[in-house]
Amino acid sequence: MALPRAFLQLLLLCAISLTLPWHASGQVDSVRVVGDGVVTRVTLWSDGPLQTDVLVAREENARQVLVAFDGASAATQGPMRPVSHATGISGYGWQDGFLAFNLTHPMMVSRKLDLPPAGDERRYRIVIDLAAVSDARFQHAASRVERRVADRLAAHRSVVDMQVATVNAAPEGREVVLEPAPKPNEYLVVIDPGHGGKDPGAISSAGLKEKDVVLSASLALKDILEETGRYRVRMTRADDRFIELGDRVSLAREWGADLFISIHADAARSPDVAGASVYTISERGEGRIDRESERNNWDIDVEEGVSDEVSGILETLTIRETKSNSGLFAELLLPELAKAGPVLRNTHRKAGFYVLLAPDVPAVLLEMGFLTNTADARRLEDARGRRASMEAVAEAIDTYFDRQDLVFASN
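Remember, predicted model here, so these are calculated numbers, not experimental data.

A.B. asks: I tried to follow the side chain of Asn 325 on my own but got confused; where do I start?
C.D. replies: With respect to the helices and strands, Asn 325 occurs in helix α8 (residues 308-340). By relative accessible area, Asn 325 is classed as buried at 10%. Those residues in contact with Asn 325, other than ones at most four positions away along the chain, are Pro 362, Tyr 400 and Gln 404.

Structure follows, in structure tokens:
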């Protein structure tokens, strides 16, 4: 896609480097902000290693990136330091124990690096990369960590009260460790059992119908995920009914899905073809996203009041991030499936399946095996065989969201 002239002009980066007169937990001595508001980097320098938790928060119209420090006394309030708005950050300073960065528009943490001294650089560095996202994705991320922000704030105030009450009695150098709060029911996974109702899908030589196999497998996956207490799970269908393809995607978007998994069983001309496979969106299929989004009103929420050029950039970034996350999950799923049963040689495939067209929900289509193969059909008909496959999917889901926590710089 050719980038508009205004965006190319934005790539003349705006940078600012300021020295802090106060230290984060007695260690951070400078902060640098570099970027153009589409991609921005924040670097913290310190005289020793730091354990940090980076969160996003929203209160009314204010958006922030908050850096919390573990294993040290809570920081005090401090003045906000201004930063050029072109970076996407208007200023930063101490706020209730956080080093808070005020955002001019929605941005998420795309990467966090903890770097030790190296070469001529004698200090430790924390590098936080931010990327512009839609307001809907920012709000969703902020709501996921809302409890953790509140717990951090409460812990900070408790530490301040304790320090005031026992300042003369506290041992010198005492550390106060702020543990991150647990994260139950943090992610929403939407499971889509393929076919259903008037559409039986593939049928084995013994009469086993795809719509029945995938529904049983999907219900098993739902149980496995809910047993962990980590996920909320919704299904596009929980019985033998037909759901239009567009409605399956629309439901996932309306529910705010963090991951969409469409489950199927395959068929082939040759009865010798066997094994599971995973599909993500192809380049040709990606070309359908704009058309189907317009037809189905799958609008990507972006910041109100921005120009059409900036809005287009944010939408493109969202679609790119969605495709990247879909591919990441597929690559994590494949080795787990291989542990549970046979997989195709070329098992990560690309296609333009309709259920993969959501512009802002990472999605994969899983073919559990071939009903036209006797061994695969027998495995999928057996409850233990289906559960083994679904346990593999659940394991990949855990790994995927563990990675997402790291991407969002969550401890």
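A.B. asks: Where do I start with the pattern of salt bridges in this structure?
C.D. replies: Two side chains with opposite charge may pair up if their charged atoms get near one another. What the rule picks out here adds up to 20 salt bridges. Where Asp 135 meets Arg 58, a salt bridge forms, and the shortest distance between an N and an O atom there is 2.8 Å. Residue Asp 135 is found in helix α2 (residues 135-144), and its partner Arg 58 is found in strand β4 (residues 51-59); the two are separated by 77 residues along the sequence. Asp 360 is paired through a salt bridge with Arg 253; the nearest N and O atoms lie 2.9 Å apart. A residue pair is termed long-range when its members are at least 10 positions apart, and Asp 360 in the loop between β15 (343-351) and β16 (363-370) and Arg 253 in helix α5 (residues 245-255) qualify at 107 residues. Each member of the pair, Asp 360 as well as Arg 253, carries the same accessibility label: buried. Salt bridges sharing partners connect three or more residues here, namely Arg 41, Arg 111 and Asp 129.

A.B. asks: Would you explain the sheet that holds strand β5 (residues 62-70) in this entry?
C.D. replies: Adjacent strands of a sheet pair through backbone hydrogen bonds, lying either parallel or antiparallel. Taken together, the five strands give an open sheet; going across it, the order is β4-β5-β8-β7-β6, and neighbouring strands pair in antiparallel fashion. Two strands lie at the open edges of the sheet, namely β4 and β6 (81-82), each paired on one side alone. α2 rests against β4, β5 and β8 (98-103) of the sheet, and its axis sits at about 120 degrees to β4.

A.B. asks: What's the story with helix α4 (residues 210-228) in this structure? I'm lost.
C.D. replies: Because each turn of an α-helix spans 3.6 residues, side chains separated by three or four positions end up pointing in the same direction. Taking 1.5 Å per residue, 19 residues should reach 27 Å; α4 reaches 28 Å between its end C-alpha atoms and fits that length. Within α4 the residues assigned to the buried category are Glu 210, Lys 211, Val 213, Val 214, Leu 215, Ala 217, Ser 218, Ala 220, Leu 221, Ile 224 and Leu 225. Once α4 finishes, Gly 229 follows within two positions and takes phi at roughly 75 degrees, a positive value.

A.B. asks: Help me out: how do you make sense of the environment of His 195 in this one?
C.D. replies: Following the sequence through the fold, His 195 ends up in the loop between β11 (187-193) and α4. Taking the relative accessible area as the measure of exposure, His 195 reaches 18% and is therefore buried. Those residues in contact with His 195 that sit more than four places away from it in its chain are Pro 200, Gly 201, Glu 210, Lys 211, Arg 237, Arg 241, Arg 248 and His 264. A distance of 3.2 Å separates polar atoms of two side chains, one belonging to His 195 and the other to Glu 210.

A.B. asks: So what exactly am I meant to see when it comes to the sheet that holds strand β12 (residues 231-235) here?
C.D. replies: Pairing in this open sheet of six strands is mixed, and the strands run β12-β11-β13-β16-β14-β15 from one edge to the other. Single-partner strands in this sheet number two, and they are β12 and β15. With strand direction ignored, the average angle separating the axes of adjacent strands in the sheet is 25 degrees.

Rules of the game
- Residues numbered from 1 in each chain as written.
- Predicted model: local features only at pLDDT ≥ 70, side-chain atom pairs only at ≥ 80, totals over all residues.
- Heavy atoms only, no water.
- Helix = DSSP H or I, 4+ residues; strand = E, 2+ residues; numbered from the N terminus.
- Buried < 20%, exposed > 50% of the residue type's maximum accessible area, 1.4 Å probe, protein only.
- Contact = heavy atoms within 4.5 Å.
- Salt bridge = Lys/Arg side-chain N within 4 Å of Asp/Glu carboxyl O.
- Pairing = 2+ DSSP bridges.
- Axes fitted to C-alpha atoms, helices over the stretch in contact; angles between N-to-C directions.
- Expected span 1.5 Å × (residues − 1).
- Polar contact = N/O pair within 3.5 Å; in protein donor to acceptor, adjacent residues only side chain to side chain.

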